[in-house]
Amino acid sequence: MPAFQTSPGMRDILPPESERWRRFTDIFADTVERAGYGELISPLLEDLGVFTRIGDATDVVTKEMYDFIDKGDRHIALRPEVTASVCRSFAQHRPTTPWKVFYSGPNFRYERPQRGRYRQFEQVGIEVLGVDDPLLDVEVIALAWEFYARLGLRQVNLIINSLGEPDDRARYVEALRAHFDQAGSALSEQSRSTLIRNPLRVLDSKREPDQRFIESAPQIADFHSPEAAEHFESVCAGMSALHIPFEVEPKLVRGLDYYRRTIFEFQGETLNSAQNALGGGGRYDGLVEALGGPSTPGIGFALGVDRTLLACDDEGVFGPEPTELDAFVVDVTGGLHATEITADLRGAGLAADRGYDNRSMKAQMKLANRSGAQFAVIIGDDEVSAGTAVVKPLRTDDEQITIARSDLIAHFSQDTTTGTDSS
Ligand code: HAM
């Protein structure tokens, strides 16, 4: 056992697995850039206060924050999510609205690690600030949907709900509190403690004793103001117009406190229910203000890369596609020829690797075969004297050919079957 290993909940993503992480982010960027979103690159560290604005009834803030005092006596934290940073950035720079941004990168939450739940995890996401229109909610949700389709994921369910305007939400929370209070000690011990901090989250409980009280709990829709109800109806109508299947789930509340009005979650059918949220988002109309900016509506989502890739594995889609090598250069004359040839091949846009340490022909050919390259380019003393190179197919039974060194690049760049001579 080596002296050091990754800390609990932190992972190394090795090649070739890492290839699809980058491609995931590239496809996401392509999807949202085509819809007018630009990338915001914000720091991984912020003043702790930026994240406490997420809400003090949120586990992310109260239990899971990676925070510390830095050498300048500032209380700072590793970001547990990006929405608060985006709103801080908006309040700081005051860009013109609508401000449509996307992001990708790691987040940190001190959670109990398990499959699909890590202490460092990656998200991609978008946020739009300055637009109240319910049809923006539709655009935002539809972009996530389009992205899942581009990954090839099919077993994803979209559930949506509305938490109403802040006043509606506040009245609903009080009604829930009264309802669950009546249950008294019949409620599970954990839910009783959740009830004190955040009655909404009791609706998330999967514990058996809580279920009948959750079933009979008041419904948020009965608390919607006419404006909130109209906004939500427009969102649902827009989703239907785009033929995106969704379900209204009155018990969906989401884990972060800043949400108002529309909220939504994408759930993977193949994952265990505790970790089946592949991504989620919603409106957070008061957050910019809470961070010292002007009153500004906001909406966005974040998708968990780790979990989405687990769902891809379960469905057998979006696997790693490591770059295929065109050539592997085997040089048994000391290695300098391999240095020149690989540099030329790479310079011509080809993918080339080589053997090192002047190892034997047998050892280098073993590496060439293991590399998955299409061809080995072989240089021995005879080829050096004749100014040639041997090109040996590694994936087919075709004959190897000997060609002039000066024709090598053209041979690989154009037609790999033409040679000057065969041997
Ligand atoms: P969230 O629901 O906390 O929302 O996280 C979004 C996604 O990040 C989850 O659905 C999940 O896939 C992934 N995720 C969260 N925690 C972990 C973890 N410990 N390990 C692995 N994956 C995890 C937000 O973060 C909001 N900022 C979303 C948002 C954007 N709302 C509005 N705009």
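Worth saying up front: this structure is predicted, and the values here are computed from it rather than measured. (Residues numbered from 1 in each chain as written. Predicted model: local features only at pLDDT ≥ 70, side-chain atom pairs only at ≥ 80, totals over all residues. Heavy atoms only, no water.)

### Overview of the overall build of the chain
Step number 1: Scanning the chain from N- to C-terminus turns up 16 helices and 17 strands.
Step number 2: For a compact globule of 423 residues, the expected C-alpha radius of gyration is about 22 Å, and the chain comes in at 28 Å, more than 25% above that figure.
Step number 3: Here the C-alpha coordinates of the chain stretch approximately 90 × 50 × 45 Å along the principal axes.
Step number 4: Within the chain, buried positions represent 50% of all 423 residues.
Step number 5: Put simply, of all contacts in the chain between residues at least 6 apart along the chain, 69% involve residues at least 24 apart.
Step number 6: For the chain, the distance from the average position of its 44 positive side-chain charges to the average position of its 66 negative side-chain charges is 5 Å. (Helix = DSSP H or I, 4+ residues; strand = E, 2+ residues; numbered from the N terminus. Rg over C-alpha atoms; globule rule 2.2 N^0.38 Å. Buried < 20%, exposed > 50% of the residue type's maximum accessible area, 1.4 Å probe, protein only. Contact = heavy atoms within 4.5 Å. Lys, Arg positive; Asp, Glu negative; His and termini not counted. Charge placed at Lys NZ, Arg CZ, Asp CG, Glu CD.)

### Comments concerning the pairing of strand β7 (residues 156–162)
Step number 1: The buried count for β7 comes to 6 of 7 residues, which makes it a mostly enclosed element.
Step number 2: As paired strands, β7 and strand β9 (residues 260–268) are joined by 7 bridges and run antiparallel to one another. Directly across from Ser 162, in β9, lies its bridge partner Thr 262.
Step number 3: Looking at chain direction, β7 and strand β8 (residues 247–248) are connected through 2 bridges and run parallel. By the bridge assignment, Ile 160 is partnered in β8 with Val 248. (Pairing = 2+ DSSP bridges.)

### Considering the packing of helix α5 (residues 134–151) against helix α10 (residues 226–241)
Step number 1: Close contact between α5 and α10 brings their axes to 8 Å; oriented N to C, the two are set at 45 degrees. The pairing of α5 with α10 is recorded here as oblique in orientation. In the crossing of α5 with α10, the sense of the turn from one axis to the other is right-handed. Along the contact surface, α5 presents Pro 134, Leu 135, Asp 137, Val 138 and Ile 141, while α10 presents His 231, Ser 234, Val 235, Gly 238 and Met 239. (Axes fitted to C-alpha atoms, helices over the stretch in contact; angles between N-to-C directions. Parallel < 35°, antiparallel > 145°, perpendicular 65-115°, else oblique. Left-handed = near helix turned anticlockwise from the far one by under 90°.)

### Digging into the pattern of salt bridges
When their charged atoms lie close together, side chains carrying opposite charge are able to pair.
Step number 1: On inspection of all chains with the given rule, the structure shows 25 salt bridges.
Step number 2: A salt bridge links Arg 201 to Asp 204, with the nearest nitrogen and oxygen atoms 2.6 Å apart.
Step number 3: Put simply, Arg 405 and Glu 340 hold a salt bridge, and the shortest N to O gap is 3.1 Å. Placement of Arg 405 in the loop between β16 (401–404) and α16 (408–413) and of Glu 340 in helix α13 (residues 336–347) is noted, with a sequence separation of 65 residues between them.
Step number 4: The class for Arg 405 is partly exposed, based on a relative accessible area of 22%.
Step number 5: Overall, the relative accessible area of 39% leaves Glu 340 in the partly exposed class.
Step number 6: Through salt bridges with shared partners, a single ionic network connects Asp 132, Asp 137, Arg 261, Arg 283 and Asp 285. (Salt bridge = Lys/Arg side-chain N within 4 Å of Asp/Glu carboxyl O.)

### Looking at helix α4 (residues 83–93)
In an α-helix, one turn spans 3.6 residues; hence positions three or four apart end up facing the same way.
Step number 1: Judged by how many residues are buried, α4 sits mostly within the fold: 9 of 11 residues are covered.
Step number 2: For α4, the complete set of buried residues consists of Thr 83, Ala 84, Ser 85, Val 86, Cys 87, Arg 88, Ser 89, Phe 90 and Ala 91.
Step number 3: Tucked into the core, α4 has its buried residues touching β2 (45–47), α2 (48–52), β5 (99–108), β6 (120–129) and α11 (287–290).
Step number 4: With its phi angle positive at about 50 degrees, Arg 94 sits one or two positions after the end of α4.

### Digging into the sheet that holds strand β3 (residues 67–69)
What links the strands of a sheet is backbone hydrogen bonding, and the strands pair in either a parallel or an antiparallel sense.
Step number 1: The 3 strands lie next to each other as β2-β4-β3, forming an open sheet whose pairing is antiparallel. The open sheet has two free edges, formed respectively by β2 and β3, since each of these has just one partner strand. Across the sheet, the axes of successive neighbouring strands diverge by a mean angle of 35 degrees, strand direction being ignored.

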